[in-house]
Amino acid sequence: MNGKEWLKVFATLFLLGVLFVGWVNYVVDPYGLKSNENKFDSDLMLMNKPNLTSLKIHLIAEYYLIGTSRVMRINPNLIEKYLPQKKVYNINISGATFKENSMLAKKVLSNGSNFIYGFDAFSLNKNRLNEKEIVDRYMSYKSELENKSIYGNYLNIDTLSMSFKNLVKKILNKNYNSYSFSENNKIHDAVTILGIEEHLDLSNKGTKKSSSNFEIVNNNEIINLAKNATKKDIFIIYPKHFYHYILFQKYQNIETKYFNAIKLLVQNTDAKVWCFYGKNEITVNDGNFDENGWHFKPKIAELIFAKIFNDPTIEVPKDFGVLVTKENIDEHLKNLREQVQNYDLNKSLSLVPNVPVGNAYSE
Amino acid sequence: MLFNFVVGNSLSKRDASKKAFSKKSILTFGIIANLALLGYFKYADFFITNFNLLSGADANLLKLVLPLAISFFTFQQIAYLVDSYRGETKEYDFLNYALFVTFFPQLIAGPIVHHKEMMPQFANARNKVKNYRNIALGLFIFSIGLFKKVVIADTFAVWATAGFDTATTLNLFEAWATSLSYTFQLYFDFSGYTDMAIGAALLFNIKLPINFNSPYKATNIQDFWRRWHITLSRFLCEYVYIPLGGNRKGEFRTYNNLLATFIIGGLWHGAGWTFVFWGFLHGVALVVHRAWSKLGFKIWTWLAWLITFNFINIAWVFFRAKEWGDAVKVLSGMVGMSGVQIHPILQNKLSFLATHGVIFAPYEAIQLPALDTLWFVFAFIIVLFFKNSMQKREVFKLDYKTALFAAFCFVVGVLSLNKVSEFLYFNF
């Protein structure tokens, strides 16, 4: 073989290899682009893939799940159950910023689709927006969304690897991904105020960038998002373990700032806003959360959407979830604030070293 | 570039000694000018920070954007000036000199080349005609490099970044996975880049020098530096260690020279005390190795490899850590001070360990799924038992086997390009 022949063989093999990858990815469909049925594992494992998000948006579904890592726990198939004949894609970004989620929401709406949007406290922190990793990530999502040749995203080794994992799983009838997330009824550690404080560093020592220097993005940005949404869109304030709300009231004025943002949203939108914030049967139970109460378990996602879609077959605690409106928002936020103030906070905070208990009620 | 061309030219002209300034003065001026530029862009904030710390002053940081690859092209041009001073270069054409400095495959992160090994190749008329064998060989090496970078290095990068930058604590296995991830990431990243540079240069019939020769097979630290970033080692040896006196001035001075050379090497990699400490550790290791060899001690090869690899792995922790606290976090995890956690996939077989305080839980702190731990086995096999790309270059044949291998690496590499990543050595 001479050099010229070698190059021809190389080019031919390259072309065949690319076509093979595309064919396998299209047929196996590990990320549920054609169907979400039995694809939840892949969605659970989905860690910020701009190319896949772009592909999902270009493929045009009726609904998109937008939000932070909490949304990762939501099976799109669960919502498809309540919206027959409608396609739902999950396009969460782990650690998403408001800027990223707003960009996705705008793109989704411009395609005539609707969204179910997680209105998360720390995604609203504008002081995260200057971090290099965040800027780079935003730019990579932006450039992927502007990319016209989206079907090239089927030609992707990450997807091929997920395709093979799915095939192996089907052949061996095993679920390798189940270990990656806590099982629904398993608790690794009890949720503690101290654990949350260590996790988030809400006392603002400045080492955890997502939760330090908490300042909400400009009102105009929230108003724009709110006004662009339609009656078919849904905003959700997803639940965290109740201890978070104690610390939100104590540190950085987070509670007040977050509540102002929620009020602004509710007052300016036609979309439904569901609030799962506050002390209720779900948020005081350690067994409903992972990572010190930071992420709710997948089983809580079932309750959230059973509540939203009024599913009589699933029993949802009565105090879990409130549809907030322009009329009841003030009263609702006042109740939430009082829930924290009336909780036996002293007992909890006494577990945190060097925290003057009296300050907890300084507001 | 123009400045260095002019200085180099005046150094290489025979009658320079008759001019107002001696060749040595011109060389000193040239080197200081280059180092001043490097110092301004790369080290100014480091010095200001330390000055503030020591004096209690509050001088503002300059926060300059580091010009891409400044460390590389500065070293290459300093080498050119020294070679000109020694009479080893003869360059009167600025365009040729510009090509030497900016030859794109190796401009950004090396290999650091000598003027004398590049210019004859650029001048050779036979290198200006199409050579299909070299194109095939170039694609072959380039494909291997692309695969190493985007498939292997970028895979390990996720766990290294999560462990070093994101996790607050790391248990025993997470800490080892973190340090090993960076050890493999750095090797596959940098050697992958070098392979791509060598491959791309071959498309133009230009042969760049070898830069890596299976460094993790090294059985002592000196052996490691003969295999890792060979052109940097060559530079440090020729332009720092030997001018300092090398091993010509007695044993004690040799040890000092080794230590100084590697501390400078550490500082070259980055403006931070963690880099200096990394260089110091390697300098000390070379001193110990030299003393050990002088005394005639010998140990089993496998033990020598184990000690060498672990030393390198631990030293990389300081190299990678953005702050001392990150290094302490990883190292304390590696010695078990943050507990032992085993993946629940092994819980049935190892449940008796729970009574000894072992926890069974997924490695969420570094986002490492159980199945992906096989990547570490894969990486060890590749670095220890496979021929490296340069050995493959030497025995390359134009046949279906090499075409299939290259096409596989190229397909997987190209179709993995959708991730955001950058070459680690672009930062240095």
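Counting starts from 1 at the beginning of each chain's written sequence and moves along it residue by residue. Lettering for chains starts from A, numbering for ligands starts from 1, and both go in the order in which the items are written. This being a predicted model, a pLDDT of at least 70 is required before a residue's local features are given, and a value of 80 or more before pairs of side-chain atoms are given or counted; all residues contribute to the totals for chains, interfaces and linings. Side-chain figures throughout are based on the complete set of non-hydrogen atoms in the structure, without hydrogens or water.

Take the overall build of chain B next. Summing up its helical and strand segments, chain B has 18 helices and two strands in all. Throughout, the radius of gyration refers to the C-alpha atoms, and the reference size of a globule is 2.2 Å times the residue count to the power 0.38. A globule of 428 residues ought to have a C-alpha radius of gyration of about 22 Å, and chain B, at 24 Å, matches this closely. Dimensions of chain B along its principal axes, counting C-alpha atoms only, are 85 × 65 × 50 Å. Across the 428 residues in chain B, those meeting the buried criterion constitute 53%. Within chain B, contacts between residues separated by at least 24 positions form 74% of all contacts whose residues are at least 6 apart in sequence. All accessible-area figures derive from a Shrake-Rupley calculation using a 1.4 Å probe, and residue coverage is judged against the displayed protein chains alone. Approximately 20,000 Å² of chain B is accessible, and the part contributed by carbon and sulfur atoms is 67%. Under the DSSP-based scheme used, a helix requires at least four consecutive residues in state H or I and a strand at least two consecutive residues in state E, with every element numbered from the N terminus. Exposure is judged per residue with a 1.4 Å probe applied to protein chains only, and the accessible area is read against the type maximum: over 50% gives exposed, under 20% gives buried, and values in between give partly exposed. In this analysis, two residues are considered to be in contact whenever any of their non-hydrogen atoms come within 4.5 Å of each other.

In summary, the pairing rule links any two rings of Phe, Tyr or Trp, Trp by its six-membered ring, whose centres are within 6.5 Å, and it sorts them by plane angle into stacked for under 30 degrees, edge-to-face for over 60 and tilted for everything else. Applying the stated criterion across every chain yields a total of 79 aromatic pairs over all chains. Each ring, one from Phe10 of chain A and one from Phe410 of chain B, has its centre 5.5 Å from the other, and the planes form 45 degrees; the classification is tilted. Here Phe410 of chain B lies in helix H18 (residues 400–414) and Phe10 of chain A lies in helix H1 (residues 3–28), a pairing that spans two chains. Overall, Phe410 of chain B belongs to the buried group, its relative accessible area being 17%. Ring centres of Phe235 of chain B and Tyr239 of chain B lie 4.8 Å apart, and the angle between their planes is 45 degrees; on these two criteria the pair is classed as tilted. With a gap of four residues between them, Phe235 of chain B and Tyr239 of chain B both fall in helix H10 (residues 230–241), about one helical turn apart. When sorted by exposure, Phe235 of chain B lands in the same class as Tyr239 of chain B, which is buried. For a lysine, the NZ atom is tested; for an arginine, the CZ atom; a charge sits over a ring if that atom is within 6 Å of the ring centre and within 35 degrees of the ring normal. The side chain of Lys34 of chain A reaches across the aromatic face of Tyr26 of chain A, ending 4.2 Å from its centre. The residue whose ring lies beneath Lys42 of chain B is Trp268 of chain B, and the NZ or CZ to ring-centre distance is 5.6 Å.

With respect to the secondary-structure elements, Asn125 of chain A resides in the loop between strand S3 (114–118) and helix H6 (132–146). From its side chain, Asn125 of chain A meets the backbone nitrogen of Glu215 of chain A in a polar contact 3.1 Å long. Here a polar contact is taken to be a pair of N or O atoms separated by no more than 3.5 Å, where protein atoms must pair a possible hydrogen donor with a possible acceptor and residues adjacent in sequence count only if both atoms sit in side chains.

Residue and element names in this part refer to chain A. Following the sequence through the fold, Glu144 ends up in helix H6. The charged side chain of Glu144 is buried without a salt bridge, its nearest counter-charge being Lys107 at 11 Å. Here Glu144 is in contact with Pro50, Asn51, Ser54 and Asn153, once residues within four sequence places are set aside. His is not counted here, nor are the chain ends, while Lys and Arg score as positive and Asp and Glu score as negative. Salt bridges are counted wherever a side-chain nitrogen of Lys or Arg sits within 4 Å of a carboxyl oxygen of Asp or Glu.

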